[in-house]
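Residue-level structural notes
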Amino acid sequence: FFLMIRRPPRSTLFPYTTLFRSKGIKAKNFIVCKGQKIDLGSSAGQCKVLHILAASSSKPASTTLGLIFAEQIGTSEDQYALAVSPWNQPPLRNELVAFRAPYTYTTKGIEEGEVSLYHYQIKIRDPHKLVAINLPNIPDIKIAGITLEK
């Protein structure tokens, strides 16, 4: 599916790090969860809350994210639950609707029917330096953005 989302203004007023920057004209709008690892690189840092803007493209999906933290010697991985609602249904678990559109653009043209992206918050149990995220291998889950709250 395709949704147009405006990039937020650049600001240093808030303690957030956005992981996805402007994309090229032919780049995909979403990350499809295929079990890949996202290394945070220069965005790595202390994190209290991980904010995810996502939806499932077909059915509800329950899974875990692997959050990888820097330790004094090496790294550790903690698993956090994530339950994602379908984009074309109302939220199933009281998640916040972050973006709603009255129709979608498909290969067949414009299709009527409301779709949404949902805001998920993962509160880090023991905040320390987050260096990578292991995504689940569930291609129905599409992620539009991830932000670290410091």
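Up top is the structure.
Keep in mind it's a predicted model, so treat the numbers as computed, not measured. (Residues numbered from 1 in each chain as written. Predicted model: local features only at pLDDT ≥ 70, side-chain atom pairs only at ≥ 80, totals over all residues. Heavy atoms only, no water.)

**What to know about the overall build of the chain**
Looking only at helices and strands, the chain features zero helices and eleven strands. Counting from the amino terminus, helix and strand elements in the chain follow one another as β-β-β-β-β-β-β-β-β-β-β. The proportion of buried residues among the 150 residues of the chain is 37%. Restricting the contact set of the chain to residue pairs at least 6 apart, pairs at least 24 apart contribute 75%. Accessible surface computed for the chain: about 9,200 Å², of which carbon and sulfur atoms make up 53%. (Helix = DSSP H or I, 4+ residues; strand = E, 2+ residues; numbered from the N terminus. Buried < 20%, exposed > 50% of the residue type's maximum accessible area, 1.4 Å probe, protein only. Contact = heavy atoms within 4.5 Å. Areas by Shrake-Rupley, 256 points an atom, 1.4 Å probe, with all protein chains shown as cover.)

**Re the pairing of strand E6 (residues 61-70)**
Counting buried residues along E6, seven of its ten residues qualify, which places the element largely inside the surrounding structure. Here E6 pairs with strand E7 (residues 75-84) via ten bridges, running antiparallel. Bridge pairing links Ser-62 to Ala-83 in E7. Once E6 ends, the chain turns through four residues before running back antiparallel as E7, passing Gly-74 with a positive phi of about 80°. Strand direction decides the pairing type here: E6 and strand E10 (residues 129-134), joined by four bridges, are antiparallel. (Pairing = 2+ DSSP bridges.)

**Some thoughts on a nonpolar patch on the surface**
Taken together, the side chains of Tyr-103, Tyr-105 and Ile-110 make up a nonpolar region of the molecular surface, amounting to roughly 300 Å² of accessible area. Structurally, Ile-110 is set in strand E9 (residues 109-123). (Patch = residues over 30% accessible without salt bridge, like charges linked within 9 Å, V, L, I, M, F, W, Y side chains within 5 Å. Salt bridge = Lys/Arg side-chain N within 4 Å of Asp/Glu carboxyl O.)

**Considering the nonpolar core**
Leu-50, Ile-52, Leu-65, Leu-67, Leu-130, Ile-133 and Ile-143 are the most contacted members of the largest nonpolar core, which has 33 residues in total. Of all elements in the fold, only strand E5 (49-56), E6, E7, E9, E10 and strand E11 (141-149) reach the threshold of two or more residues within this core. (Core = buried A, V, L, I, M, F, W, Y, C linked by side-chain atoms within 4.5 Å.)

**Details of the pattern of salt bridges**
Per the stated rule, a full pass over the model turns up two salt bridges. Taking the shortest distance from any N to any O, the salt bridge between Asp-39 and Lys-37 comes out at 3.9 Å. Overall, the relative accessible area of 55% leaves Asp-39 in the exposed class. Here Arg-100 ties to Glu-114 by a salt bridge, and the two come within 3.2 Å at their closest N and O atoms.

**Here we look at the environment of Ala-54**
Inspection of the secondary structure assignment puts Ala-54 in strand E5. When the C-alpha atoms of Ala-54 and Phe-30 are compared, they prove to be 8.6 Å apart, with 24 residues separating the residues in sequence. Among residues more than four places away in sequence, those in contact with Ala-54 are Val-84, Leu-117, Tyr-118, Tyr-120, Lys-142 and Ile-143.

**So, the side chain of Ser-56**
Checked against the element boundaries, Ser-56 lands in strand E5. We classify Ser-56 as buried; its relative accessible area is 0%. If we skip the residues at most four places from it in the chain, Ser-56 touches Val-84, Ser-85, Pro-86, Trp-87, Asp-140 and Ile-141.

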